[in-house]
Every structure is written in structure tokens, then in C-alpha cells.
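Chain residues, written in single-letter form:
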Amino acid sequence: MDDYIADFSALLKQLDAEEQEEVVDFYREYLQDGHFTAYDDCIRELGTPRQLARKVLADYSIKNLEMDDTDQAGTKVRSTKPKDDVRTVWLIILAVLSTPITIPLAFGLACLSVAIFAAAFGVIIALLGLVVAVVVGGFSSLIIGIGILSSDIWLGLLYAGIGITIIGVLVMMVPLFSKVINGVIHGVTNFFRWAYQKAVPKNRAEKHGRGQ
């Protein structure tokens, strides 16, 4: 059992010291209470140390996201960063891949995941394409306006003004574009969180008494 716990603990480096201590103590106590002394007995009960560690890391990442998304009054807020969402999705994928689940469920989740990723990627690419098109149009208008100032000052000022206006509007809309992209990424994370909770059941130790 000690070797199992040691291997398990070594895979939890992404957690802070307090979280590591909490989860290691819980599973050590569970194995001791159940008299699972042999390494193979521990694997049969909880899976391999890597499987268990991946599940724990995914659970903690989800829990931290949920805490960041809710303030002390219970109001939904949004304080997490896109990189935290991406990290959570990656940990969830690793946990699901490490968990024995039925083939139809795995196939269904895989197809649905591909569809969600494709839709999210399409939205992001469309937004980036729009930004590029607006930037090119704005600068083109500005350059054309400057170029014809000497021959037709009023038409040149018109084109230059249109270009400056387009660029100015784009600059003001950057926070909106950023918010939309972050929302898409967070939506993908919520889907994976839902799929994970459907596909990966609690292990016996969690059912026995661990509150996540």
C-alpha cells in the first residue's frame, strides 16, 4: 500500500501542498481501513496510481473553476482565465481516457467532443477573420485617402476619415471580441465538465465518504 500511495502522491505535483496532503491522507486512510495492503489490491480497488491521479487532478481543477465562477454570495461571476479553462479541458480528457467506460459511451462522447470543438473553432476563426478584414479595409481606406490628398483633398479626407473611423471602432470592439472568444472557450469547458461528470463515476472511496 505504501508503494501505491507513494506512486500516487508523486503524480499530484500540480496540486498545492495542502491539497496534496488532503487527498493523499484520504486515500491512505481509505486503503488502511479496507485492509488493502498489497499493491495489486489497491489497483483493483482504485485503479492504477496514474488513473487515480488523473481523476483527482480533473476533479480539483473542476472544483477550482466552480469556486472561481461563484462569489461568496453565490452569484455567478467569471474570474477564470482562458488558460485555466484549457488546462481543465486537458485534465478532463486525460481522466476520461484513463477511465474504463463502455464503447458506445466513449464513441458518443468522442463524436460530440469533435462537433463541439469544430463549432468553437469555427466561431473563433470567423471572429478573427472579421477582425482581419476590418483591419485591412480600414488601413486600405486610410492609405488611399492619404494617396489622393494631393489630387483631391476632400475625397482624400473622406477616405482617410473612413479608414480612421473603422480602425477606431475596431479598437473599441476589441474587449467585446475578447469576451466572446473567452465565452466560447468557457462554454467548451462547461461541456467537457458535464461530459466528464456523466462518463466518469465516483470511485468506491469517494462513494464511501469523500466530499468533492
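Residues numbered from 1 in each chain as written. Predicted model: local features only at pLDDT ≥ 70, side-chain atom pairs only at ≥ 80, totals over all residues. Heavy atoms only, no water.

Caption draft 1: Just the nonpolar core, in detail. Residues Phe8, Leu12, Val23, Tyr27, Leu31 and Val56 are the most contacted members of the largest nonpolar core, which totals 37 residues. The set of elements that each furnish at least two residues to this core consists of α1 (2-10), α2 (17-33), α3 (39-46), α4 (49-68), α5 (82-97) and α7 (153-199). In this view, Val56 contacts Phe8, Leu12, Leu15, Val23 and Tyr27; residues no more than four positions away in its chain are not counted. (Core = buried A, V, L, I, M, F, W, Y, C linked by side-chain atoms within 4.5 Å. Buried < 20%, exposed > 50% of the residue type's maximum accessible area, 1.4 Å probe, protein only. Helix = DSSP H or I, 4+ residues; strand = E, 2+ residues; numbered from the N terminus. Contact = heavy atoms within 4.5 Å.)

Caption draft 2: Main features of a negative patch on the surface. On the surface, Asp16, Glu18, Glu21 and Glu22 cluster together to form a negatively charged patch. Following the sequence through the fold, Asp16 ends up in the loop between α1 and α2. (Patch = residues over 30% accessible without salt bridge, like charges linked within 9 Å, V, L, I, M, F, W, Y side chains within 5 Å. Areas by Shrake-Rupley, 256 points an atom, 1.4 Å probe, with all protein chains shown as cover. Salt bridge = Lys/Arg side-chain N within 4 Å of Asp/Glu carboxyl O. Lys, Arg positive; Asp, Glu negative; His and termini not counted. Charge placed at Lys NZ, Arg CZ, Asp CG, Glu CD.)

Caption draft 3: Looking closely at the packing of α5 against α7. Orientation of α5 relative to α7, taken along the N-to-C sense of each, is 25°, at an axis distance of 9 Å. By the criterion of interaxial angle, the relationship of α5 to α7 is roughly parallel. The two elements α5 and α7 cross, and the hand of that crossing is left-handed. Contacts between α5 and α7 involve Pro82, Asp85, Val86, Thr88, Val89, Ile92, Ile93, Ala95 and Val96 from the first element and Asn182, Ile185, His186, Thr189, Phe192, Arg193 and Tyr196 from the second. For the contact of α5 with α7, the per-class residue count stands at ten nonpolar, four polar and two charged. (Axes fitted to C-alpha atoms, helices over the stretch in contact; angles between N-to-C directions. Parallel < 35°, antiparallel > 145°, perpendicular 65-115°, else oblique. Left-handed = near helix turned anticlockwise from the far one by under 90°. Nonpolar A, V, L, I, M, F, W, Y, C, P; charged D, E, K, R; others polar.)

Caption draft 4: Broad picture of the packing of aromatic side chains. What the rule picks out here adds up to six aromatic pairs. Ring centres of Phe191 and Phe192 lie 5.3 Å apart, and the angle between their planes is 80°; on these two criteria the pair is classed as edge-to-face. Where Phe191 meets Trp194, the ring centres are 6.1 Å apart and the plane angle is 35°; that geometry is what we call tilted. Here Phe191 pairs with Trp194, and both are found in helix α7, just three residues apart, close to one helical turn. (Phe/Tyr/Trp six-rings, centres within 6.5 Å; stacked < 30°, edge-to-face > 60°.)

Caption draft 5: A look at unusual backbone geometry. Residue His35 is not a glycine yet carries a positive backbone phi of 60°. With respect to the helices and strands, His35 occurs in the loop between α2 and α3. Among the residues examined, His35 registers a relative accessible area of 65% and is labelled exposed.

Caption draft 6: Spatial organisation of α1. Among the residues of α1, those classed as buried are Tyr4, Ile5 and Phe8. For α1, the buried positions fall inside an angular range of 95° around the axis, keeping them on one side. Across α1 from its buried face, at more than 90 degrees, point the exposed residues Asp2 and Asp3. (Arc of directions from axis to C-beta.)

Caption draft 7: Inspection of the side chain of Asp85 at higher detail. Note that Asp85 resides in helix α5. You can call Asp85 buried: its relative accessible area is 0%. Looking at Asp85, its side chain comes within polar contact range of the side chain of His186, at 3.0 Å. (Polar contact = N/O pair within 3.5 Å; in protein donor to acceptor, adjacent residues only side chain to side chain.)

Caption draft 8: Quick peek at the packing of α2 against α3. At a closest axis distance of 11 Å, the pairing of α2 and α3 adopts a crossing angle of 110°. One finds that α2 runs roughly perpendicular with respect to α3. The way α2 lies across α3 gives a crossing that is right-handed. Here α2 contributes Tyr27, Tyr30 and Leu31 to the contact with α3, which in turn contributes Cys42, Glu45 and Leu46. Tallied by class, residues from the contact of α2 with α3 come to five nonpolar, no polar and one charged.

Caption draft 9: Spotlight on α2. Across its 17 residues, α2 extends 24 Å between first and last C-alpha, which sits within 8% of the 24 Å expected from 1.5 Å per residue. Within the span of α2, buried status applies to Glu19, Gln20, Val23, Val24, Phe26, Tyr27, Tyr30 and Leu31. Across the axial projection of α2, the buried residues extend over an arc of 155°, all falling on one side. Set apart from the buried face of α2 by more than 90 degrees, the exposed residues are Ala17, Glu18, Glu21 and Asp33. Capping the start of α2 is the job of one residue whose side-chain oxygen sits 3.2 Å from the backbone nitrogen of Glu18: Asp16. His35, located one to two residues past α2, shows a positive phi value of around 60°. (Expected span 1.5 Å × (residues − 1).)

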